[in-house]
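Survey of secondary and tertiary structure
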There are 2 protein chains.
Amino acid sequence: MEDLENVTDKRFGDPAAPLLLSVRAGAPIPMPGMMDTILNIGINDEIAEALAKQTGSERFAYETYAKAIKAYGTMVKGVSKSRFDLIVAAKRFNEGLEDDDPFSVEQLKSLVVSYKNTVKKLTGEDFPQDPRKQLMDAISAVFGSWNRERAALYRKLNGIPDDVGTAANVQAMVFGNMGEDCCTGVAFTRNPSTGENVIFGEILLNAQGAEVVSGLRTPDDISAMEDIFPECYETFIKIARLLEKQDKDMQDVEFTVEKNKLYILQARKGERTAQAAVRIAVDMVEEGLISREEAVLRQDTSQMGQILHPGFDPEKYEKAEVLATGLPASPGAAAGRIYFTAAEAEAAAKSGYEVLLLREETSPEDLAGMVAAQGILTAKGGTTSHAAMVARGIGKCCVAGCDSLDIDEEKRIAEIEGEVFEEGDFLSLDGSTGKIFRGKIDTVTQEISEEFSTMMEWADDFREIKIRANADNPPEARQALAFGAEGIGLCRTEHMFFRDERIPAVRRMILAATEVERRRALNELMPFQKADFKRLFETMEERPVTIRLLDPPLHEFLPQSEEEAREVAEQLGMTCEELEDKVDNIREINPMLGRRGCRLAITHPEIIEMQVRAIMAAAIEVKREKKLDIIPEIMIPLISDEKELGVVKKYITETADHVMTEEDMAIEYRTGTMIEVPRACVTADSIAREAEFFSFGTNDLTQMTYGFSRDDTGSLIYEYEERGLLPADPFYSLDIDGVGALIDMAAKKGRHTRPNIRLGMCGEQAGEPATIEFCHRVGMDYVSCSPYRIPMARIAAAQAALREEADTGI
Amino acid sequence: MEDLENVTDKRFGDPAAPLLLSVRAGAPIPMPGMMDTILNIGINDEIAEALAKQTGSERFAYETYAKAIKAYGTMVKGVSKSRFDLIVAAKRFNEGLEDDDPFSVEQLKSLVVSYKNTVKKLTGEDFPQDPRKQLMDAISAVFGSWNRERAALYRKLNGIPDDVGTAANVQAMVFGNMGEDCCTGVAFTRNPSTGENVIFGEILLNAQGAEVVSGLRTPDDISAMEDIFPECYETFIKIARLLEKQDKDMQDVEFTVEKNKLYILQARKGERTAQAAVRIAVDMVEEGLISREEAVLRQDTSQMGQILHPGFDPEKYEKAEVLATGLPASPGAAAGRIYFTAAEAEAAAKSGYEVLLLREETSPEDLAGMVAAQGILTAKGGTTSHAAMVARGIGKCCVAGCDSLDIDEEKRIAEIEGEVFEEGDFLSLDGSTGKIFRGKIDTVTQEISEEFSTMMEWADDFREIKIRANADNPPEARQALAFGAEGIGLCRTEHMFFRDERIPAVRRMILAATEVERRRALNELMPFQKADFKRLFETMEERPVTIRLLDPPLHEFLPQSEEEAREVAEQLGMTCEELEDKVDNIREINPMLGRRGCRLAITHPEIIEMQVRAIMAAAIEVKREKKLDIIPEIMIPLISDEKELGVVKKYITETADHVMTEEDMAIEYRTGTMIEVPRACVTADSIAREAEFFSFGTNDLTQMTYGFSRDDTGSLIYEYEERGLLPADPFYSLDIDGVGALIDMAAKKGRHTRPNIRLGMCGEQAGEPATIEFCHRVGMDYVSCSPYRIPMARIAAAQAALREEADTGI
């Protein structure tokens, strides 16, 4: 405080030269908008009067006083903001003022009195006239805001540990609202949407900092500053470059010009879109600021998905009707039903809708609704408003500051350019252009930038683990290849069974009374399967393709509705009762733990015989026709014991030998197993005697290790997460302590028996960064995830390798 | 051979003084009736003629020749026995002979020719005239009989390893069928049913050995031998005592008297009932033959159950109508539906019936049917017949040799004393008296002998692991105490919920719309639960009682049928549709992996609060009223994580504290957890921070470790066992390699965190000897099993300790 007083030549609490302060949270990892900043600390009746005299502006002094009371009331005492807004609205009404008319000085003074009364009435305590008490209370409030729900949610979403903690910075106030020679602004040293190396920001003339971020007034572009405050602008550019050089990263800078003098209020790493993160990192490597390793490590894998988020189908987009245009606040495209409150958007999303959240402006309370929505549209605020910043952070498309949007929350309608839309109507948003469209426009995959390709190449240089895709058909396989997949780690053959032209044969196969009937139905399916595999092999060329034999319980293929049952019974020439009897026989109490996977293969070997015939014949034909050496990897699900695997492997070998003899051509193939039953982990040493590869099926393994049915425990897991009983949904991010310990054991035991055994993971979790890091540490050969997660997986794998190097000093 | 020839002064293959041989299997562990013995080897046309001259009996010579051809044909060449029987039947018919009329010598000679022709016709080869070839073929056949299906099944049932192997003994033939100064017999050195120390056996005059065992003729008691062959009898008694002394065990001796001279053909450890095994061992300790340790080790735990097998309800028994009487061949009582073939008995047992197998005589092919039946009744054969010996071995009740029983397999009827019974009719058998009763007589628990109590005391001296019972109510607890239980290891509180007067409140609790409604319903249940616990504590006095909090998914308590649903809806004042909706909401796709166990406790803490209140209040009242210090052990099911346990434990502690304050009395209590989810094993070190004891719930743990739903995979497991993919049903005998490895890990981790943690096992498998041995090795404090298995568990625990001592030399 002494230092501050010396530097500013003012004294805290001294009406002769009053020093006003701000208290600002300062967490080591930025959490923009999540924590409190309390301005104008240190004003009271006496100082307000003195300030009016010293600045020659009563308006400034009482505006500042009013703001101070409101900030203290809401942030320190927890009074609802709307109570203060109500006072303002009432006063405007009583005085007959229009929305944009300024208050007179007398009206401001009366507002201060009303504010003080409100604080007294609602909290039982006066607004403190003691500046020191104001300061101490403000510091407590800033520290306290760390534990607030929205801050906790933000940390959870961004993987920031709860125990990092925050500082509370005490700064001298400067004022951007002391007249027309003042302004306040926020700027990024590079474009946070695209990453382009140009200053990007906004200013508000004669305004105080929070007003920019809150989006209440629509600001000017920072280029305006160059015209109005040329010297300040030049200084700002210099400082911005300096800050970037020192921190070696793009900066988010808050500043104020008070009477033509520039003050920097705060500088921190700037939030950016995933696209911008890639471009900035690649540019900074070229500028010599950071190394390639640093560039890769700096990518936020949880954001990467947004790079690949689909944009609009160009054909549809061209024909689409632009309804209005707002500010392009966060890139990407989104279409969905519109909702006007966060709660309703969340509820609609939970019931399965794709939704857009439309708000006058967003506030931190809206976070959950923004997360649930596909895109966000606001009427007020700019590209650095709360809506824009949060949307970029969580990878949602956002159009902000659309003036022609008018929302009536109560009636649940929105007017856009005079046209009325009701809750649930469809709109589409283009976050990269700010355009808003009527109805629903289909979306397609995004193009990939040059910098993105560069980043991926660097990542590929660093990573040790291979990335494969879970893909069941050629289109998925092509998409996976475009994203850099090095093979298919999981082709689920049952997905091929569900197609319309096949399902009757599948049902006949299941309901067959004799093995002969079953074989007849399987023979009908065989050409379909062979053709599927041929096209898949051709698409993947000579990359590895792991095909999992039939996995789900058979009743999954049987009719679900009564109507369907009638149809099927007719097709199969049986009565509905007969069919029902058969279906009842097949139905299980706990199908997840029933007759499925390799257990089907053991009781009905003819099913996998057909599949193996199809796989081998397809590989041989592709070799003959395209000269491609395909090495199919045949994977057996749900193995729990070496002997069980031995029996199934024998069927496979015999069938494969038979096909190769028939076709007079030998090809290489591999036989391996899913490790997805806890017992398989515990006995992996003996299972490895029969298996050439292990693929960890972490979905089932998690179900059985926890005893959590994925079909039934969704809400339970959510409850557990909320109560801190689970750090994350174990079906999204691998449970490293439990499931991971079993996997680690299995990997060690497997390698003990067969040192060169191939290890991979193909559950949902294999596309999640922390899980990929775990797989790297365990020494897996590959992870296999859905195509859209592949680029992220490549980065995550590289980061895991680089972090390990850093840890071990290799 | 040279030795044999020297001793007998005969020569193999020499018509001048022909030596005939038998080839007899000799496995180190007796498998009576399971393997082949081939008699009369070394006879041919020339030797038969010579034998006739030398013995002066053509009848003897050609009977022997015919038997030799039949034995060679069936046992060496695999010709069906019925082909030979057919020839005999045809000849009798053609010659106009009645069933009991003997063949003339000429007819015997013609039978020999027919037998030879049959062998030639069916095998393409002549009956070999070369005695050496006969011998070699016979030896091969005896070795080969080791791998026969029935021998393999017997080994499996008796836990004899497949690789123990057998000898093939070559012996000189002696003949019990050379005239009225000859006989053949089988005797046990003590009574194999009761263990009484008296010779027990049977002889057949003028007969060959196999005829006794096959039960074709009904033999005389061995006491007859004393009259007819007094010297031989005296010698036999001496030899029997000698054999017993040497082998230190009761002997099963086959002998023949040939022309007043006694020959011992074979002596081996005798099969006996569990009751006899106890008495013999206790007697032999008293006789100074064996040590107490040896006596305990010698008990066959897989048989022990039969000691406690219920007998008939004495009241019902008194009023029951005796239909006929046979020989008391294997003790115990049985009631069931009658079937006339092993296959039908097996099928009926599988469909859930209690069945009795009725046969003319049994043969080794009937083994599976005998295992499936509750009891066996035969028309022919004595107390050492196949039926009797097998029944004693597998602990089934058996009445043999009931002359008045006549079975018509084809018509599926049996006549007993002229009354006709059809397949599926009920009969009851008393294996201890040989009485056969009309209809079904209820059964009750057996009384326990003095020797049995002695044996149990010895076992208790040796064992280190405690034996508790799974018991849910005072009658079960009393039964458990009578059998020696040292506490209750598992009281399943939900069993108390199902009673008629409580289920409405349980349903109201489950279907409650609000917590208030739910608490109201729980308050109604509380007095019931408290009373249950009070009576249980009073019964068990100060022994430990572990109470598991509510475990199953709630929908198990909801109405199952439509009718029931209507009733419940009415009771609850809701429409059937509303009820259905609610029930649908609660129903799960995989209930085994759903919202149950501690998960219920977390989402509905009020349920376990009620239960804990009931437990604590009950313990306090018992202390107050009976001055008994009860230390309740409160057990939480389905824990998968330390934090989860922490939350539930907090509810328990708070509730317990509350009750103790209310009642103004503090008592000790313990909180622990089931370990039944694989993740709990893997993270047992952290779980042990919260848990004072672990109880391994091996039912659920096996389900999740294997991914086997017990409700769905019964037939799959059977198939796996049949195919050798599972050594045993893992729900019956613990899977030591898989589930056991997880338990071992959990025990080590648990003790690492909390060295004095109490470890127990309370799944079904905890009553199985191999599992108990595993528990001993892991160092568990107790196993808890159903009351009837407790005596066996005491013995198994003692054997485990003694075997470990022997292994480690402690």
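Preceding this paragraph is the structure being described.
Here's a quick rundown of the structure.

Concerning the pattern of salt bridges
Residues and elements named next belong to chain A. Following the criterion strictly, the structure yields 129 salt bridges over all chains and no others. A salt bridge links R794 to D460; the nearest nitrogen and oxygen atoms lie 2.6 Å apart. Of this pair, R794 sits in helix α34 (residues 790-808) while D460 is found in helix α18 (residues 450-462), placing the two residues 334 residues apart along the sequence. We classify D460 as partly exposed; its relative accessible area is 25%. D472 is the salt-bridge partner of R492, the closest N and O atoms lying 3.3 Å from each other. Taken together, the positions of R492 in strand β25 (residues 488-492) and D472 in the loop between β24 (466-470) and α19 (474-482) put the pair 20 residues apart, joining distant regions of the chain. Comparing R492 with D472, the two get one shared label, buried. Residues participating in the shared-partner salt-bridge network are D460, R463, K466, E486 and R794.

Notes on empty space enclosed by the protein
Residues and elements named next belong to chain B. Per the counting criterion, the structure on display carries three cavities of 30 Å³ or more. In this structure, the largest cavity encloses a volume near 50 Å³. Lining of the largest cavity is provided by L549, L550, G597, C598, L600, A601, H604, I607, I608, I636 and P637. Elements represented by at least two residues in the lining of the largest cavity include exactly α25 (598-603) and α26 (605-626). Residue contributions to the lining of the largest cavity peak at three residues, all from α25. Broken down by class, the residue content of the lining of the largest cavity amounts to nine nonpolar, two polar and no charged.

Here's the deal with the relation of the copies chain A and chain B
Turning one copy of the chain about an axis and sliding it along that axis gives the other copy, so a rotation and a shift relate them. Laying chain A over chain B is done by rotating through 179° and shifting 0.6 Å along the axis; what remains is an RMSD of 0.5 Å. Such a combination of turn and shift is consistent with a two-fold rotation axis. In terms of proximity to the rotation axis, the leading residue of chain A is N590 of chain A, whose C-alpha is 2.1 Å off the axis.

Details of the pairing of strand β28 (residues 758-761) of chain B
Residues and elements named next belong to chain B. Bridge count for strand β27 (residues 693-696) against β28 is four bridges, and the pairing is parallel. The partner of F696 across the bridge, within β28, is M761. Strand direction decides the pairing type here: β28 and strand β29 (residues 782-785), joined by two bridges, are parallel. Across the sheet, G760 pairs through a bridge with Y782, a residue of β29. For the crossover that starts at β28, traverses helix α33 (residues 769-778) and ends in the parallel β29, the hand is right-handed.

Here's the deal with unusual backbone geometry
Backbone geometry places K259 of chain A, a non-glycine residue, at a positive phi of 45°. Within the secondary structure layout, K259 of chain A lies in the loop between β9 (251-258) and β10 (261-269). Of note in this structure, N40 of chain B is not a glycine but carries a positive phi near 60°. Here N40 of chain B is to be found in strand β2 (residues 37-41). The exposure class of N40 of chain B is buried, given its relative accessible area of 1%.

A look at the interface of chain A and chain B
Between chain A and chain B, the residue contacts involve 45 residues of the former and 45 residues of the latter. The contact between chain A and chain B buries some 4,000 Å² in all, and 56% of this surface belongs to carbon and sulfur atoms. Where chain A meets chain B, there are four salt bridges. With a shortest N-O distance of 2.6 Å, R679 of chain A and D735 of chain B are connected by a salt bridge. In this structure, the connection of chain A to chain B is made through 26 residue pairs in polar contact (both at pLDDT 80 or more). Only α25 (598-603), α27 (642-663), α28 (678-682), α30 (698-706), α31 (714-722) and α32 (736-753) of chain A provide two or more residues apiece to the side of chain A that touches chain B. Sort the elements by how many residues they give to the side of chain A that touches chain B and α32 of chain A lands first, with five residues. A class-by-class count of the residues in the side of chain A that touches chain B yields 19 nonpolar, 13 polar and 13 charged.

A few points about the sheet that holds strand β31 (residues 782-785) of chain A
Residues and elements named next belong to chain A. The eight strands are arranged β24-β25-β26-β27-β28-β29-β30-β31 in a closed barrel whose pairing can be described as parallel. Averaged over neighbouring strand pairs, the angle between their axes works out to 25° when direction is ignored. Against the sheet, α34 contacts β24 and β31, and its axis sits at roughly 155° relative to β24.

Parameters and conventions
Residues numbered from 1 in each chain as written. Chains lettered and ligands numbered in written order. Predicted model: local features only at pLDDT ≥ 70, side-chain atom pairs only at ≥ 80, totals over all residues. Heavy atoms only, no water. Salt bridge = Lys/Arg side-chain N within 4 Å of Asp/Glu carboxyl O. Helix = DSSP H or I, 4+ residues; strand = E, 2+ residues; numbered from the N terminus. Buried < 20%, exposed > 50% of the residue type's maximum accessible area, 1.4 Å probe, protein only. 1 Å grid on protein atoms, 1.4 Å probe; cavity = no way out; pocket = protein on both sides within 12 Å on 5 of 7 lines; lining within 4 Å. Points joined across faces, edges and corners; volume = space filled by probe spheres on them. Nonpolar A, V, L, I, M, F, W, Y, C, P; charged D, E, K, R; others polar. Least-squares fit on C-alpha atoms with pLDDT ≥ 70 in both. Pairing = 2+ DSSP bridges. Right-handed = clockwise from strand over helix to strand, strands pointing away. Contact = heavy atoms within 4.5 Å. Buried area = accessible area lost by both parts, 1.4 Å probe. Polar contact = N/O pair within 3.5 Å; in protein donor to acceptor, adjacent residues only side chain to side chain. Axes fitted to C-alpha atoms, helices over the stretch in contact; angles between N-to-C directions.

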